[in-house]
Structures are given as C-alpha cells and as structure tokens.
Amino acid sequence: MRKIIFKNIDSLAGLGLTIDSELTVIGDPPPNFAEEKIPNRNGVISYFMDYDPRKLTYVFNIIGSSLTALEAKRSQLKNAFMGHQGDLYDTAFPGWRFTNARITAPPELTYNTRNFRTAKLTVEFTADPLMESTAGVRFQIITLAGRAITAYILANAVLC
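Residues numbered from 1 in each chain as written. Predicted model: local features only at pLDDT ≥ 70, side-chain atom pairs only at ≥ 80, totals over all residues. Heavy atoms only, no water.

Asker: Mind showing me how you'd approach the packing of aromatic side chains here?
Answerer: Given two aromatic rings, one states the distance between the centres and the angle between the planes to describe the pair. Overall, the coordinates contain 9 aromatic pairs when judged by the stated rule. For the pair F6 and F81, a centre-to-centre distance of 5.3 Å together with 85° between the ring planes defines the contact as edge-to-face. You can see F6 sitting in strand β1 (residues 4-6) and its partner F81 sitting in helix α1 (residues 67-81), a full 75 residues away along the chain. Here the two residues F6 and F81 agree in accessibility, since each one is buried. With 5.9 Å between their ring centres and 85° between their planes, F93 and F98 make a pair best called edge-to-face. By relative accessible area, which is 24% here, F93 ends up partly exposed. These aromatic residues form a ring-pair network of at least three members: F6, Y58, F60, F81 and F125. (Phe/Tyr/Trp six-rings, centres within 6.5 Å; stacked < 30°, edge-to-face > 60°. Helix = DSSP H or I, 4+ residues; strand = E, 2+ residues; numbered from the N terminus. Buried < 20%, exposed > 50% of the residue type's maximum accessible area, 1.4 Å probe, protein only.)

Asker: Just checking my understanding: could you explain α1 for this structure?
Answerer: It helps to recall that an α-helix has 3.6 residues per turn; residues three or four apart then point in one direction. For α1, which comprises 15 residues, the first-to-last C-alpha distance of 21 Å matches the rise-based estimate of 21 Å (1.5 Å per residue) to within 8%. Immediately beyond the C-terminal end of α1, within one or two residues, lies G83, with a positive phi of roughly 80°. (Expected span 1.5 Å × (residues − 1).)

Asker: Any chance you could explain the side chain of T24 here in plain terms?
Answerer: Along the chain, the position of T24 falls in the loop between β3 (18-19) and β4 (25-26). Of the residues examined, T24 reaches a relative accessible area of 10% and is grouped as buried. There is a polar contact of 2.9 Å between the side chain of T24 and the backbone oxygen of D20. Engagement of the side chain of T24 in a polar contact is seen with the backbone nitrogen of V59, the distance being 3.2 Å. In contact with T24, not counting residues within four places along its chain, are R2, I19, T57, Y58 and V59. (Polar contact = N/O pair within 3.5 Å; in protein donor to acceptor, adjacent residues only side chain to side chain. Contact = heavy atoms within 4.5 Å.)

Dropping the structure here:
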C-alpha cells in the first residue's frame, strides 16, 4: 500500500492514512527560460536556465466515526507536518526521495458523505525540482598530488 514518510512520520503506520493514488499528483518541475534581445535582430533568443520547485499534491483517505474524529485526523497531520522542511519519501518511487519538501498550504478536508464518516484530505507540498537517490554509489573521481584530497560524485543522483 502506498505511503509517504516525512519528518520520520509514516503516513500509514503513524497516522493511519491511506493515499488515493488516482487523485494524487506528482507534478513535473517547471523549466525557466531566459530571453535576450539582440541588437539589429528580430525577435529574442531564449535559453534554458533551471527548474522551479516541484509541486506534490497528496490526497489521503480518512475514515472516522464522526465529524470530530475526521477533524482530529486533519489536526494530527497538520501538527506533524506543518512548519517543517526535509526529505519526503514516497513508496511509489523506491530508492528516491524529494528533498527540501515543505507543506505550502493548510491541509484541506473534503467530506465524502453526509454522515461525516469518510473524507479526503488534500496536502500540497513543494520540493526541490529533482529527486535524489537514496542508494547512490560514490565513485572517486580525482586525487590531487597524492594527497588525501579526494572529490566524489554521487552516481545516479537525480531523477527528473
């Protein structure tokens, strides 16, 4: 079953929330382009610069005995995740993590039934544009003048 781990809190085991994979959206990082006007030339020249942060929208299923129980789950998630920044692990992407993830808006609760026993909880995160490997292998790429000065690169370190 799909889950996320943020701030060392498991959404399934720690909070009892399941993810609705059909409604959850892992957005692509939007690219940034720069444009320059060249004298005596029509139009502009544009070139790629970098990416903006990635938007992650998770939708959790909540089941409770009453309206109060559903609001308590929302409050529990809000207290656990709001105001923190760090790595976010999603079991849909094994071996990868989203870095510098943070909640950008308060979690929104949408009730499925009139008796307030089931609801969807939408949580929006922002993270760095590229995912980072959790199992990258370090390779030595240079040793300078026989000294202990060594630089390393993390192979397979990012995923778009």
